[in-house]
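Spelled out from the first residue to the last, the chains are:
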Amino acid sequence: MSRGKFITIEGAEGVGKTTSIAFIEDYFKKAGYDIVLTREPGGTPMAESIRELLLDARQTSMADDTELLLMFAARAQHLREKIVPALQADRWVVCDRFTDATYAYQGGGRGIDKDRIAILEDWVQGELRPDMTLVLDLPVAEGLKRAGQRSAPDRFEQEKQQFFERVRAVYLERARATPQRYRIIDASGTINEVQSRIKTVLDELTA
Ligand code: Z5A
């Protein structure tokens, strides 16, 4: 059965995903695509409630396994309610973070074994994987500097630089291991420079 393309946008703290996603949305709209723009954790009312719990800085005693399972609980709902129906309707889905973030944050950041994450990935997603993943990459210190200009930090943003170094390392390792599926975007420089690098990938995708 034909289906739309599933594109995910990833990167560590403050790399400029939100800024870039607005550009990506605009690119697809101008090109006449009817895209579904969504995010993780979240994307549906129930998954957004799980997101609130996950990001709540007051949840200081959350066990790593609880965090992992909540990520996949939110994902299961998101897939069933939004992503899979959209792809089956031949629409393109652009998602701000997906399972690569689980490998990077819960795997790299928290130290959960990637084989355990892979079991949940297979269970919740079956064979579904993104068709293309853009990894925005920036030295961690630079990302933290950019992110530091924002409001009160959430539960993840309170982590230290070393945590985000591990997150970045996993993203790069995964992207380099499967170059057909990933594009690493240099997220340094001005917003215009980053957008022009993203445009090159989007031109390739829509060609
Ligand atoms: N998480 C997880 O642990 N496991 C999972 O499976 C999933 C998620 C799915 C919520 O993610 C958290 O969930 C996330 C990982 C975890 N925690 N963290 N960290 P989120 O994606 O919703 O929120 P976020 O990760 O906190 O966003 P972000 O990465 O911190 O920010 P961003 O979207 O990449 O950056 P931005 O808001 O676009 O830009 C940051 C600032 O820099 C802003 O002021 C911009 O104006 C500025 N900016 C952007 N581009 C530039 C350039 N080129 N030059 C200068 N300044 C710039």
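Criteria and cut-off values
Residues numbered from 1 in each chain as written. Predicted model: local features only at pLDDT ≥ 70, side-chain atom pairs only at ≥ 80, totals over all residues. Heavy atoms only, no water. Helix = DSSP H or I, 4+ residues; strand = E, 2+ residues; numbered from the N terminus. Polar contact = N/O pair within 3.5 Å; in protein donor to acceptor, adjacent residues only side chain to side chain. Contact = heavy atoms within 4.5 Å. Near = heavy atom within 4 Å. Areas by Shrake-Rupley, 256 points an atom, 1.4 Å probe, with all protein chains shown as cover. Buried < 20%, exposed > 50% of the residue type's maximum accessible area, 1.4 Å probe, protein only. Pairing = 2+ DSSP bridges.

### Considering the side chain of aspartate 154
Within the element layout of this structure, aspartate 154 appears in the loop between helix H6 (140–147) and helix H7 (161–177). Side-chain polar atoms of aspartate 154 contact the backbone nitrogen of phenylalanine 156, separated by 2.9 Å. Once residues within four sequence positions are removed from consideration, aspartate 154 is found in contact with Leu55 and Ala57.

### Here's the deal with the site of the ligand
Close to the ligand lie 29 residues; Glu13, Lys17, Thr18, Arg97 and Thr102 are nearest. At 3.0 Å, a backbone N or O of glycine 189 approaches a nitrogen atom of the ligand. Within the backbone of isoleucine 191, one N or O atom sits 3.4 Å away from a nitrogen atom of the ligand. Summarising the interface, the protein chains cover 86% of the accessible area of the ligand, which totals 1,100 Å² for the free molecule. At the level of secondary structure, the elements contributing two or more residues to the shell around the ligand comprise helix H1 (17–30), helix H2 (45–55), helix H3 (64–88), helix H4 (99–109) and helix H8 (191–206).

### Describing the pairing of strand S4 (residues 132–137)
Moving residue by residue along a regular strand, the side chains alternate between the two faces of the sheet. S4 sits mainly inside the fold: six of its six residues count as buried. Across the two faces of S4 the burial is the same, with Met132, Leu134 and Leu136 and Thr133, Val135 and Asp137 all buried. Two strands pair when backbone bridges link them, and S4 and strand S5 (residues 182–186) are joined in this way by five bridges, in the parallel orientation. Directly across from leucine 136, in S5, lies its bridge partner isoleucine 185.

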